Each structure stands twice: as C-alpha cells, then as structure tokens.
Amino acid sequence: VFNISYFNIVAGTLDVEVKPMATVNGVKAYHFEVTGKSNSFFNRIYAVDDKAVTYLSYDDLVPLSLQISLKESGQLAETRTFFDWKTKRASYWQKRITKEKGERSNKIEWDLLPYSQNVISAPYYLRVFKLEPGKNLAFRVADEGKNIVFTGEVLRREKLKTEIGELDTVVV
C-alpha cells in the first residue's frame, strides 16, 4: 500500500496486490490488481476509486488481459484489452462517460510485438531483469493500439527511509 500525496498531504492510497494464481482460457496465470482511492477529505475536491486487473501468462510472461475501471468525480470509464498471442493481435475496448462530452466508446485492434507487456504488468516484468547500476533496459508495452518501447537505465542503489523502516531500493 502506497500513500499518494498532494502538496505533502496524503490524498489517498494505491494498493498493489499479487493475487492467487488463476487460469485464463486454460492458461495458468499470475493475477495482479492495482486499486487507487482518494481519502474522505480529498473526495470533496476530486474523488477517485479506480481499479486495474491484469493476468500474465505463467509460462510466457506475457499479458492475457487487462481490465481498468475508473470511478472519478469527472468521469466513469471501463476499458478491456485482450491479448491473443496465437494470432499476435490485441483488441481494446473503452467506454467513457464525462460531464463535458457525455458517453462515448472506442474499439481498436492492432498487431502485437513479441513479449509486449501492458501498463500494469510492466512493473512486474521489470523485476525479471538483473537491475545492476549502469545497465540499460528495454522492453515493449502494448497500450490502446500502440506498441511502445520502454527504455530505462539503472542509475544506482539507494536506501530510503520510510514509515516502515529503511528500504534497499534501485533507482531506474
């Protein structure tokens, strides 16, 4: 659980969770969930109650699906992305309701590049790399009809002082 701060005031939390293994269309899969919620004080300014769920193939370390639900003061939205690794195609669907633009939906299909991740599986996938200072990283992320290459560099190791104690970290 991470605190989300705005001007040094805790506005809410981000809960990142590894759930029990699952089976998706006959494929053994990791199950990850990320939930973001604003606290009661910040709900008066801008309420957030968002959730993302993704499944990642245990054997191939590629995403199988991604579902995002947004419930915020300014919008409601649902998105679904399905990754078909047999055909190397992804499909994305979105429905969004805002006060300004009303209801709209969108569908996109596109070709997947090998071993592409999604925006939720990417941080977990990053953990398969040996994170040594000076090392350059690159991997693909497929999101909303786009194939993006994430690049980064491992800068250094660093100790962080937190509410739960001192943590050994890696700065990427």
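Check the entry above for the structure.
Asker: Let's hear about the overall build of the chain: which residues, and what values?
Answerer: Along its length, the chain carries two helices and 12 strands. Along the chain, from the amino end to the carboxyl end, the secondary structure elements read β-β-β-α-β-β-β-β-β-α-β-β-β-β. With the principal axes as the frame, the chain shows a C-alpha extent of 50 × 45 × 30 Å. With 172 residues in all, the chain has 33% of them scored as buried. Averaging the positions of the 25 positive and the 22 negative side-chain charges in the chain gives two centres separated by 1 Å.

Asker: Could you give an account of the nonpolar core, with specific residues and numbers?
Answerer: Nonpolar side chains tend to gather and get buried jointly when the protein is soluble and globular. If you look at the biggest cluster of nonpolar residues, it comprises 10 residues: Val34, Ala52, Leu66, Phe83, Ala90, Tyr92, Trp110, Leu112, Ile120 and Ala142. Residue contacts for Trp110: discarding those within four places in its chain leaves Thr81, Lys88, Arg89, Ala90, Ser91, Tyr92, Ala142, Asp143, Glu144, Gly145, Lys146 and Asn147.

Asker: Residues and numbers for the sheet that holds strand 5 (residues 63-72), please.
Answerer: Reading across the sheet, the eight strands line up as 1-2-3-4-5-6-7-8 and stay open at both edges, with antiparallel pairing between neighbours. Both edges of this open sheet fall to strand 1 (2-6) and strand 8 (102-111), since each of them pairs with a single strand only. If you compare each strand with its neighbour and ignore which way they point, the axes differ by 10° on average.

Here is what the cut-offs are and how they apply
Residues numbered from 1 in each chain as written. Predicted model: local features only at pLDDT ≥ 70, side-chain atom pairs only at ≥ 80, totals over all residues. Heavy atoms only, no water. Helix = DSSP H or I, 4+ residues; strand = E, 2+ residues; numbered from the N terminus. Buried < 20%, exposed > 50% of the residue type's maximum accessible area, 1.4 Å probe, protein only. Lys, Arg positive; Asp, Glu negative; His and termini not counted. Charge placed at Lys NZ, Arg CZ, Asp CG, Glu CD. Core = buried A, V, L, I, M, F, W, Y, C linked by side-chain atoms within 4.5 Å. Contact = heavy atoms within 4.5 Å. Pairing = 2+ DSSP bridges. Axes fitted to C-alpha atoms, helices over the stretch in contact; angles between N-to-C directions.

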